[in-house]
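Coordinates in review
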Amino acid sequence: EAGVAQSPRYKIIEKRQSVAFWCNPISGHATLYWYQQILGQGPKLLIQFQNNGVVDDSQLPKDRFSAERLKGVDSTLKIQPAKLEDSAVYLCASSQGLSTSYGYTFGSGTRLTVV
Amino acid sequence: AQTVTQSQPEMSVQEAETVTLSCTYDTSESDYYLFWYKQPPSRQMILVIRQEAYKQQNATENRFSVNFQKAAKSFSLKISDSQLGDAAMYFCAYRSKGAQKLVFGQGTRLTINP
C-alpha cells in the first residue's frame, strides 16, 4: 500500500511570511495527525483529525497555525505569519481509526526553516 | 499529563554487539501502550516494537526486544547483533488506551561502529 505522502519536503521562508504543508494519508485511514518536531526533540502533536472533524488541537498555536481536512482525506497545515521558532520538521501520520491499538504510519515530513 | 524521558542523548555500539536504550515514563493510568520508533535520516518514523501494559510478557521482534518493568515505569529496548542499518534516532513513545495521541521522549541517537 502507498504510504503517507507529504509535500514539500523542504521549505525555506522569511519570518512573517506564510507557508502551507500538504498531507495525503493512507487510503481508508480515518485518523490524521500533524506533529511538530523541533531539532533535538521528540515530535509533539499539533492537531488530530477524525475524518474531517478535529479531535485534539490543544497544542496548536491558533493565533498563527491552522489546519483543515475538508473531505476527510488529505489535509493542509498553514502557518501565518511564521516565526523563527517555527523552524522544525512537520510530520503527518495516519491510523485506521480511534480504536486501533497500534502506532501510526508516518510520512517523511516537511523540514521548515524560517530565516 | 504523561511524560516520557530518554536519558541517553547518544549511544554507540560495535557492529554485531548488543545495545540497550533506556526509557522511563510517568503516568497514573494502568492500561496503556508503549512503543519504540526508529527515525533514520529520511525522517520517516518507523515502528520497531510495541508493548501493551496489561501484558507481562516482554515483546520481541526478531533482533529487537524490550524489558518492560511496569512498577518501575521503565521500558528499555535491546538491540541484538547490531547492524549498520540500525543507526538512527530512536524514540520511546506512550499512548493512553483511551486516546490516540502519542507522547514522545527526546530521542537517543544510535551510532553503529563497523
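Coordinates for the structure precede this section.
1. Structural notes on the interface of chain A and chain B
- Counting residues at the interface gives 30 residues for chain A and 17 residues for chain B.
- Buried area between chain A and chain B, summed over both chains or domains, comes out near 1,900 Å², and the portion from carbon and sulfur atoms is 47%.
- At the junction of chain A and chain B, the tally comes to zero salt bridges.
- In this structure, the connection of chain A to chain B is made through eleven residue pairs in polar contact (both at pLDDT 80 or more).

2. With respect to the state of the cysteines
- Evaluated as defined, the whole model comprises two disulfides over all chains.
- Each disulfide pairs two cysteine sulfurs, and for Cys23(A) the partner residue is Cys92(A), the sulfurs being separated by 1.9 Å. Here the S-S torsion is close to -70°, and the disulfide linking Cys23(A) with Cys92(A) is therefore left-handed. Taken together, the residues Cys23(A) in strand β3 (residues 19–24) and Cys92(A) in strand β9 (residues 88–95) connect sequence positions 69 residues apart.
- A relative accessible area of 0% places Cys92(A) in the buried class.
- Through a disulfide, Cys23(B) is tied to Cys92(B); the S-S separation comes to 2.0 Å. Judged by the sign of its S-S torsion, about -70°, the cystine formed by Cys23(B) and Cys92(B) is left-handed. Taken as a pair, Cys23(B) in the loop between β3 (19–21) and β4 (24–26) and Cys92(B) in strand β10 (residues 88–96) lie far apart in primary sequence, 69 residues in all. Across the pair, Cys92(B) and Cys23(B) agree in class, each one buried.

3. As for the pattern of salt bridges
- For the structure on display, the rule yields seven salt bridges over all chains.
- Taken together, the salt bridges that share partners define one network made up of Arg50(B), Glu52(B) and Lys55(B).

4. Looking at the environment of Ala59(B)
- You can see Ala59(B) is positioned in the loop between β6 (46–52) and β7 (60–61).
- When neighbours within four sequence positions are excluded, Ala59(B) is seen to be in contact with Ile49(B), Arg50(B), Gln51(B), Phe64(B), Ser65(B) and Val66(B).

5. Some details on the sheet that holds strand β7 (residues 65–68) of chain A
Residue and element names in this part refer to chain A.
- Across the sheet, which stays open at both edges, the four strands sit in the order β1-β3-β8-β7 with antiparallel pairing between neighbours. Among the strands making up the open sheet, the edge pair consists of β1 (5–7) and β7. Direction aside, neighbouring strands of the sheet carry axes that sit 15° apart on average.

6. What to know about the nonpolar core
- Core analysis: the biggest nonpolar cluster contains 26 residues, and Tyr25(B), Trp36(B), Phe75(B), Leu77(B) and Tyr90(B) have the highest contact counts within it.
- Counting only elements with at least two residues in this core, the list comes to β3, β5 (32–39), β6, β8 (64–69), β9 (74–79), β10 and β12 (108–113) of chain B.
- Of all the elements, β10(B) adds the most residues to this core, at four residues.
- Apart from residues lying up to four places away in sequence, Phe75(B) is in contact with Cys23(B), Tyr25(B), Leu34(B), Phe35(B), Trp36(B), Gln51(B), Val66(B), Asn67(B), Phe68(B) and Cys92(B).
- Within the second largest apolar cluster, 21 residues are counted, among which are Phe21(A), Trp34(A), Phe49(A) and Ala82(A).

Parameters at a glance
- Residues numbered from 1 in each chain as written.
- Chains lettered and ligands numbered in written order.
- Predicted model: local features only at pLDDT ≥ 70, side-chain atom pairs only at ≥ 80, totals over all residues.
- Heavy atoms only, no water.
- Contact = heavy atoms within 4.5 Å.
- Buried area = accessible area lost by both parts, 1.4 Å probe.
- Salt bridge = Lys/Arg side-chain N within 4 Å of Asp/Glu carboxyl O.
- Polar contact = N/O pair within 3.5 Å; in protein donor to acceptor, adjacent residues only side chain to side chain.
- Disulfide = S-S within 2.5 Å.
- Helix = DSSP H or I, 4+ residues; strand = E, 2+ residues; numbered from the N terminus.
- Buried < 20%, exposed > 50% of the residue type's maximum accessible area, 1.4 Å probe, protein only.
- Pairing = 2+ DSSP bridges.
- Axes fitted to C-alpha atoms, helices over the stretch in contact; angles between N-to-C directions.
- Core = buried A, V, L, I, M, F, W, Y, C linked by side-chain atoms within 4.5 Å.

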